[in-house]
Amino acid sequence: MELPITVTNRTGEYIDWTIGYQITFALQYILNKYEDADFIIVTEEDVLVSPDFFVFLNRSVPLLRTDPSLYCATAYNDLTYPHNSYDAQVAYRTKSFPNYGWMVGRSFAYKMIAKIKEILPQNPQQSWDIITYFRTSKGMECIVPEVSRSKHMAVGGTHLNQLAIRMWYINKNYNQDPNFTITNMDMLSKSTYEVHIQSLLSKAQYIDILDTYPCDDNFYQRITVVPDEVLIILFESTTAPDSFRSNEHWEALANCLGIYSLEAHDGHHGLYRLRYGPAHLLLMAYP
């Protein structure tokens, strides 16, 4: 468990090294106590989970065992909102933070511990999840549901004020039906998933944002879709699209579409998957 402890210096700035050391202590404790455990599940005290939370994570285990390009399964999708998620039985491969209910294998947990302990003395304000995402996963991806299996319920936090909570978290949706479980795990191996993505892109219809502007109040009403139709919007990204808080084009587009905009999380090589009803709505960084 990530304990909700923060420390402030005399100017009131947050110093969250305590959380980083708590997560390493907790992981090390579990690894030592349960020596036969191949995987570790971590969640926080301010998170609600779906009825099939453990089913989803359990079904991810075979892929995490066999696919070295994956490092975690996470119950939380940063881009899941009621207006842009549709199928609770589908999961994706994305570059994701380990947050709000996640699972990693034993060997990766040891790597997390080592890297966090290496970085924190040099940069005590660095967050453990940022260290894991940018410094430990090294391009590896996570299994992420289209409709989240967890929801963050806090009214504040180390990095989040009440405005941020209201903008990006209060209106998130998560699966509450125990009969919905992920059915496409066999499609998420690296090679199979790339074929699927290429299939989606091959039939995608380009949305010209100069003609159909995403910030218009009637943007969604101007688009008529049919099941499994594929729409795509391009956005400029002169740096890596998942760089930390550095993409103004993503921020503008995400704000217009009503999704998380602070960072471009949960993408697949610059491709971000949303839904518009039964249709697919893809956001792709270029060049």
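Above: the structure in question.
Below is a short write-up of the structure. Note that residues are indexed from 1 along each chain, following the sequence as it is written. In keeping with the predicted nature of the model, local features appear solely for residues at pLDDT of at least 70, side-chain atom pairs appear and are counted solely at 80 or more, and the whole-chain, interface and lining totals rest on all residues. Derived side-chain values reflect all non-hydrogen atoms in the structure, with water molecules and hydrogen atoms excluded from consideration.

With respect to the helices and strands, the residue Ser-50 is situated in the loop between strand S4 (47–49) and helix H2 (53–66). Residue class for Ser-50 comes out buried when judged on its relative accessible area of 4%. The way it works is that DSSP assigns letters per residue, a run of H or I at least four long becomes a helix, a run of E at least two long becomes a strand, and they are numbered from the N terminus. Residue exposure (1.4 Å probe, protein chains only): buried if accessible area is under 20% of the type maximum, exposed if over 50%, otherwise partly exposed.

As a further point, take the state of the cysteines. What counts as a disulfide here is a pair of cysteine sulfur atoms lying within 2.5 Å. According to the stated counting rule, one finds 2 disulfides in the structure shown. Disulfide pairing is shown between Cys-72 and Cys-142; the S-S distance is 2.0 Å. Judged by the sign of its S-S torsion, about 115°, the bond between Cys-72 and Cys-142 is right-handed. With a gap of 70 residues between them, Cys-72 in strand S5 (residues 70–74) and Cys-142 in strand S8 (residues 141–145) connect regions that are remote in the sequence. The class for Cys-72 is buried, based on a relative accessible area of 0%. The side chain of Cys-215 participates in a disulfide bridge whose partner is Cys-256; the two sulfur atoms lie 1.5 Å from each other. On the sign convention where negative is left-handed, the bridge of Cys-215 and Cys-256, at about -50° about the S-S bond, is left-handed. Note that Cys-215 is positioned in the loop between strand S10 (205–206) and strand S11 (230–236) and Cys-256 in helix H7 (residues 248–257), a separation of 41 residues in sequence. The connectivity of the disulfides in the protein chain is 1-2, 3-4, where the numbers refer to bonded cysteines in sequence order.

Attention shifts here to the nonpolar core. Put simply, buried Ala, Val, Leu, Ile, Met, Phe, Trp, Tyr and Cys residues joined by side-chain atoms within 4.5 Å make one nonpolar core. Grouped together as the largest cluster of nonpolar side chains are 26 residues, with contacts concentrated most on Trp-250, Leu-257, Ile-259 and Leu-283. Breaking this core down by element, the ones donating at least two residues are S11, H7, strand S12 (271–276) and strand S13 (279–286). Looking at this core element by element, the count peaks at 4 residues for H7. Counting residues in hydrophobic clusters, the runner-up holds 25 residues, among them Ala-73, Ala-75, Leu-200 and Val-230.

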